[in-house]
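Per-entry structural report
As a plain string of letters, each chain reads:
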Amino acid sequence: MDQEIRIRPNDVLLVIDVQNDFCPGGGLPVPRGDEIVMPINHMASRFEHVILTQDWHPRGHLSFASSHPGRKTYETIYVAYGPQVLWPDHCIQGTAGANFRSDLQIPHAELVLRKGYHREIDSYSAFYENDRKTPTGLAGYMRERGLERVVVAGLAFDFCVRFSSEDAHHEGFEVVVVEDACRGIDVDHSMDETHRALGSLGIVCVSKDHVH
Ligand SMILES: [Zn+2]
């Protein structure tokens, strides 16, 4: 966490899912998720390139416990592509819960990438849906724009931040996670697993105070 990061012209700040439903009072609240909004605004003002992701599900999405009668929220089931945690309904297309937090102020963000819009596939990662095969197009966008390093912040650390960071690494991008500009959910030790997974790939976790 104490490594210093100097922002380069071909860096992009990837802001994951800072939406009403992921903050306290929302449909799938990440504890203290609201605390990262101001630090992310502050950090974003120093980046030339910022991309926002937006979780964006149709009603009746496969990842919702409500789509599986008899199942409970936060339970894991097996679907065609493997394990899937069942979430409370969240980020339904066109609803207030799916909106970005109104205090997220990054007017110069150059791309809003929506994900999770296929009813039968969840998408934690900004790069690939949970079948690990369906690309979102973000890797191609970044290559075409000459963006080489991804600095990741947002919600939730142990799901969408984790999988976006891992996929960015596998796509050949350099990755830095700003850990104190993220908050986690912690389902079945997912926080520990995330630290282990990022560490095993050599992905650097830093503090927002060390990004200049
Ligand atoms: Zn979702």
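Report on the accompanying structure. This one's a predicted model, so the numbers in the text were calculated from it and none came from an experiment.

About the thresholds
- Residues numbered from 1 in each chain as written.
- Predicted model: local features only at pLDDT ≥ 70, side-chain atom pairs only at ≥ 80, totals over all residues.
- Heavy atoms only, no water.
- Helix = DSSP H or I, 4+ residues; strand = E, 2+ residues; numbered from the N terminus.
- Buried < 20%, exposed > 50% of the residue type's maximum accessible area, 1.4 Å probe, protein only.
- Contact = heavy atoms within 4.5 Å.
- Donors = N, O, S within 2.8 Å, 3.2 Å for Na, K, Ca; no water.
- Axes fitted to C-alpha atoms, helices over the stretch in contact; angles between N-to-C directions.
- Parallel < 35°, antiparallel > 145°, perpendicular 65-115°, else oblique.
- Left-handed = near helix turned anticlockwise from the far one by under 90°.
- Nonpolar A, V, L, I, M, F, W, Y, C, P; charged D, E, K, R; others polar.
- Phe/Tyr/Trp six-rings, centres within 6.5 Å; stacked < 30°, edge-to-face > 60°.
- Salt bridge = Lys/Arg side-chain N within 4 Å of Asp/Glu carboxyl O.
- Pairing = 2+ DSSP bridges.
- Arc of directions from axis to C-beta.

1. Structural notes on the environment of Tyr 128
By the secondary structure assignment, Tyr 128 is in the loop between strand 5 (111-115) and helix 2 (138-145). Taking relative accessible area as the criterion, Tyr 128 reaches 22% and is therefore assigned partly exposed. Sequence separation of Tyr 128 and Leu 138 is 10 residues, and the distance between their C-alpha atoms is 8.7 Å. Aside from chain neighbours lying at most four places away, what touches Tyr 128 is Ser 123, Lys 133, Thr 134, Pro 135, Thr 136, Asp 167 and Glu 171.

2. Some points on the coordination of the zinc ion
Those protein atoms acting as donors to the zinc ion are Asp 55 (OD), His 57 (NE2) and His 90 (NE2), and they sit at 2.0 to 2.1 Å. Look at where the donors of the zinc ion fall in the sequence and you get D-x1-H-x32-H. Of the two residues, His 57 sits in the loop between strand 2 (50-55) and strand 3 (76-79) while His 90 sits in the loop between strand 4 (82-85) and strand 5, which places them 33 residues apart along the sequence. Residue His 57 shares its accessibility class with His 90, and that shared class is buried.

3. So, the packing of helix 3 (residues 157-170) against helix 4 (residues 190-200)
Describing two packed helices takes the angle between their axes plus the distance from one axis to the other. At their nearest, the axes of helix 3 and helix 4 sit 10 Å apart, and the two run at 15° to each other. The angle between helix 3 and helix 4 places the two elements in the roughly parallel class. Regarding helix 3 and helix 4, the two cross each other, and that crossing is left-handed. In this structure, helix 3 uses Phe 157, Asp 158, Phe 159, Arg 162, Ser 165 and Glu 166 to contact helix 4, whose residues at the interface are Ser 190, Met 191, Glu 193, Thr 194, His 195, Ala 197 and Leu 198. Taken together, the residues of the contact of helix 3 with helix 4 break down into 5 nonpolar, 4 polar and 4 charged.

4. A look at the packing of aromatic side chains
In this structure the tally under the stated criterion is 6 aromatic pairs. Each ring, one from Tyr 74 and one from Trp 87, has its centre 5.8 Å from the other, and the planes form 90°; the classification is edge-to-face. Here Tyr 74, found in the loop between strand 2 and strand 3, pairs with Trp 87, found in the loop between strand 4 and strand 5; they are 13 residues apart in sequence, far enough to count as distant. According to the relative accessible area criterion, Tyr 74 is partly exposed, its value standing at 32%.

5. Quick notes on the pattern of salt bridges
A complete count under the given rule lists 15 salt bridges for this structure. With a closest N to O distance of 2.9 Å, Asp 103 and Arg 101 form a salt bridge. For Asp 103, a relative accessible area of 22% corresponds to the partly exposed category. Lys 208 is paired through a salt bridge with Asp 209; the nearest N and O atoms lie 3.6 Å apart. With a relative accessible area of 26%, Lys 208 lands in the partly exposed category. Sharing partners across several salt bridges, the network here consists of Arg 8, Asp 11, Arg 149 and Glu 174.

6. So, the sheet that holds strand 7 (residues 174-183)
Within a beta sheet, neighbouring strands are joined by backbone hydrogen bonds and run either parallel or antiparallel to one another. The parallel open sheet is built from 6 strands, whose spatial order is 5-2-1-6-7-8. A single partner strand is all that each edge strand has here, and the edge strands are strand 5 and strand 8 (204-206). Strand-to-strand twist across the sheet, computed as the mean angle between neighbouring axes with direction ignored, equals 25°. Note: strand 7 against strand 8, 3 bridges, orientation parallel. Bridging from a neighbouring strand, Val 177 pairs with Cys 205 of strand 8. Along the sheet face, helix 2 touches strand 1 (11-16), strand 2, strand 5 and strand 6 (149-155) and points at about 160° away from the line of strand 5.

7. Focus: the pairing of strand 3
One face of the sheet, then the other: side chains in a regular strand alternate in exactly this way. Only one face of strand 3 is covered, namely the one carrying Ile 77 and Val 79; the face carrying Thr 76 and Tyr 78 has none of its residues buried. In this structure, strand 3 lies alongside strand 4, joined through 4 bridges in antiparallel fashion. When the bridges of strand 4 are listed, Thr 76 appears paired with Val 85. Remark: 2 residues form the turn of the hairpin made by strand 3 and strand 4, two consecutive strands paired antiparallel.

8. So, helix 2
Those residues of helix 2 that fall on the buried side of the exposure criterion are Leu 138, Ala 139 and Met 142. Buried positions in helix 2, seen along its axis, are confined to an arc of 100° and lie on one side of it. The secondary structure elements touched by the buried residues of helix 2 are strand 1, strand 2, strand 5 and strand 6.

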